[in-house]
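# Observations on chain architecture
Now for the letters of each chain:
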Amino acid sequence: MASKIVHEQPTIFIIFGATGDLAWRKLAPALYNLFVDKFMPHNFAIIGNARAKMTDEEFQGKMLEGVNQFSRNGKADKTLWKEFAQHISYQSSDVQDNASYKSFADFIEAFETKHKSKARVIYYLAVAPRFFPIIASKLAENNLATDPKTSRVVIEKPFGHDLESAKDLNVLLSTLFQEEQIYRIDHYLGKEPVQNIMAFRFANSILEPIWNRNYIEHVQISVTEQLGVENRGGYYEGAGAMRDMIQNHLLQLLCLVAMETPINFEADEIRNRKVDVLHAMRKFEPDDVQKYVVRGQYAKGWLEGEDVEGYRKEKGVDPQSNTETFAAVKFFVDNWRWQGVPFYVRSGKRMHQNTSTIIIQFKDVPHCVFPTQVTDNWQQNRLVISIQPEMSIRLQLQVKRPGLDMVLNTVDMLFNYKGTYKHGEPEAYETLLTDIMEGDQTLFMRGDQVEAAWELLMPILNAWGNRKSLSFPNYQAGSWGPELAEALIAQDGFHWFTLPFDNE
Ligand code: NAD
């Protein structure tokens with residue numbers, strides 16, 4: 001059940017960019033499912049805003065299409081949708097147009113009068129980042145977000161294109177709003193298994209004593225996608241894997257694995273501990289980049305039985321593009337807990353499999369008491385936190401295989417969400433929207449966190465920007481990325497792990 005805070009305060013969602021992909025694919029299903037599960041406030045309104053001319057009914061129809069196609073619960077229930085749709089209206093205008101902000105103010109006033117209560121107003125900027133400054137400024141100019149307790153501004157990544165632009169954006173936002181009003185979404189943090197990393201680490205006493213350099217040999221974090229750039233070639237050309245994935249999702253996962261134990265579950269305490277990790281991470285000198293970082297770009301290849309084009313042939317992509325569609329980095333966290341433990345991180349498009357996994361590789365036993373013929377299949381203990389394709393946590397252990405001989409082999413102790421819980425888990429956006437209503441910023445990025453992540457990556461981005469890759473394209477679509485990424489980890493005596501998951 002939603003908290004009293006959510007239910008009792010009348011709430012208005014104003015969604016800028018409401019006819020776009022994010023609103024249609026993610027926000028509409030999330031809001032509808034919250035309504036169906038009785039997690040929405042008793043009184044709420046959703047106003048969609050975009051340039052296209054549309055009636056309220058046409059906009060409701062578009063949202064319904066989004067729900068029917070993308071909701072985790074399948075098609076909308078007719079009666080419930082009809083009830084939900086009564087709360088949705090649409091307003092066509094350009095984000096630059098002052099009149100629309102005046103009409104938002106009128107709407108809010110009428111809504112508050114009707115419900116005899118101050119409304120919580122959530123401004124969701126589901127628009128391209130170039131519009132963030134103008135919308136933020138117009139909201140402030142029109143006194144639409146003056147009360148930090150009741151008004152919230154939500155923005156989606158990318159938070160800047162580099163350190164400078166991230167700082168500029170933060171300065172602008174912090175002059176217009178309080179940090180407690182700003183919700184920077186990295187939707188990865190709303191995923192159930194990602195939230196579970198903290199529960200797993202800090203609610204189980206057996207883990208903390210071994211969660212350090214004395215027992216952990218190395219950590220691998222992989223987020224790989226089979227998808228190419230689809231119809232977002234234009235956007236991706238200006239981003240690349242480092243900006244699009246590593247700067248946010250993968251570094252956030254790394255922070256959750258590496259952070260110190262917070263003293264409580266307050267948003268700022270948790271965010272402080274994450275920023276500590278980013279500050280402790282070893283900064284690259286320009287000469288280090290070639291040693292610790294690999295970039296890749298996919299050539300045409302064969303994926304799931306189909307021929308797929310190379311990146312340079314994708315729509316909106318420069319035929320000589322220098323944009324990386326794959327990046328792998330060997331990071332170090334220079335503190336007492338992690339000194340000397342490499343964190344290998346990789347992410348790429350058009351890869352062999354869709355996976356998001358964190359692998360904690362424990363050190364070998366100090367002395368093996370078994371004869372060599374018994375340990376043919378020996379594997380050091382490994383903890384696998386899987387976000388995709390399955391949501392699970394596996395602890396890989398050595399056991400004796402049943403039989404007359406003493407032979408060791410590896411088995412999994414498995415916690416699998418599907419097998420353990422009957423109810424489907426909420427989508428990341430349902431969790432995040434609920435937290436925004438509740439005013440809980442734990443799962444959102446703070447301004448200094450964003451800047452610390454950019455600061456870490458700037459030497460790499462600068463080095464790549466200054467030197468065009470001569471080897472692009474350097475991996476086949478459908479492969480596991482460039483050979484150099486294998487070499488990056490192989491030179492330390494390890495290899496990237498991939499798992500045959502049960503549901504494959
Ligand atoms: P989109 O291009 O599909 O939609 C943009 C929306 O902005 C459209 O509704 C368009 O009509 C509106 N718009 C454009 N110019 C306008 C103007 N001058 N005045 C008023 N409205 C205008 O973009 P999207 O994919 O929905 O992404 C929105 C934001 O979310 C971006 O910052 C993107 O980086 C981020 N994001 C999107 C996804 C996703 O899954 N689509 C995931 C993560 C982050």
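Structure report, in brief. Note that residues are indexed from 1 along each chain, following the sequence as it is written. Local features in a predicted model are, by the rule used here, given only for residues with pLDDT of at least 70; side-chain atom pairs are given and counted only at 80 or more, and totals for whole chains, interfaces and linings are based on all residues. The side-chain numbers reported here are obtained from all heavy atoms of the structure, hydrogens and water having been left aside.

### Observations regarding the environment of Glu-192
Strands are runs of DSSP state E lasting at least two residues, helices are runs of H or I lasting at least four, and both sets are numbered from the N terminus onward. Among the secondary structure elements, Glu-192 is positioned in helix 8 (residues 192-202). As a C-alpha pair, Glu-192 and Pro-426 span 234 residues in sequence and 7.7 Å in three-dimensional space. Contacts are assigned to residue pairs that have any heavy atoms within 4.5 Å of one another. Excluding residues within four positions of it along the chain, Glu-192 makes contact with Tyr-417, Glu-425 and Pro-426.

### Here we look at the site of the ligand
Around the ligand, the structure places 19 residues, and the nearest of them are Thr-19, Asp-21, Leu-22, Arg-25 and Val-127. Two N or O atoms count as a polar contact when they lie within 3.5 Å, although within protein this holds only if one can serve as hydrogen donor and the other as acceptor, and sequence-adjacent residues are included solely when both atoms are side-chain atoms. At 3.0 Å, a backbone N or O of Gly-20 approaches an oxygen atom of the ligand. In this structure, Leu-22 approaches the ligand through a main-chain N or O atom, which is 2.8 Å from an oxygen atom. Every accessible area reported is derived by Shrake-Rupley at a probe size of 1.4 Å, with residue values counting cover from the shown protein chains alone. Look at the ligand: alone it shows 830 Å² of surface, and the protein chains cover 80% of it. Any residue with at least one heavy atom within 4 Å of a molecule or strand is counted as near it.

### What to know about unusual backbone geometry
Between Gln-388 and Pro-389 the backbone carries a cis peptide bond, its omega angle lying at 0 degrees. Residue position: Pro-389 is located in the loop between strand 15 (382-388) and strand 16 (392-400). The amide bond that connects Phe-472 to the next residue, Pro-473, takes the cis arrangement and shows omega of -10 degrees. On the secondary structure map, Pro-473 appears in the loop between helix 15 (447-466) and strand 18 (475-476).

### A look at the sheet that holds strand 16
Strand order in the open sheet made by the 8 strands is 8-12-13-7-14-15-16-17, with mixed pairing throughout. Two strands in the sheet have a free side with no partner beyond their single neighbour: strand 8 (293-296) and strand 17 (408-416). Ignoring strand direction, the axes of neighbouring strands in this sheet form an average angle of 15 degrees. Should DSSP find at least two bridges between two strands, the strands are taken to pair. In terms of strand pairing, strand 12 (residues 326-332) meets strand 13 (residues 342-348) through 7 bridges, oriented antiparallel. Note that in strand 13 the partner of Phe-332 across the bridge is Pro-342. In this description, a line fitted to the C-alpha atoms serves as the axis of each element, helices being fitted only across the stretch in contact, and the angle between N-to-C directions of two axes falls anywhere from 0 to 180 degrees. Against the sheet, helix 10 (residues 241-258) engages strand 7 (216-224), strand 8, strand 12, strand 13, strand 14 (355-362) and strand 15, with an angle of about 145 degrees to strand 13.

### With respect to the sheet that holds strand 6 (residues 182-185)
Within the open sheet, the 6 strands sit side by side as 3-2-1-4-5-6. Their pairing is parallel. Unpaired on one side and paired on the other, strand 3 (88-92) and strand 6 mark the two borders of the sheet. The sheet shows a mean angle of 20 degrees between the axes of neighbouring strands, direction not considered. Pairing geometry for strand 2 (residues 44-50) and strand 3, over 5 bridges, is parallel. Along strand 3, the bridge assignment pairs Ile-46 with Ile-88.

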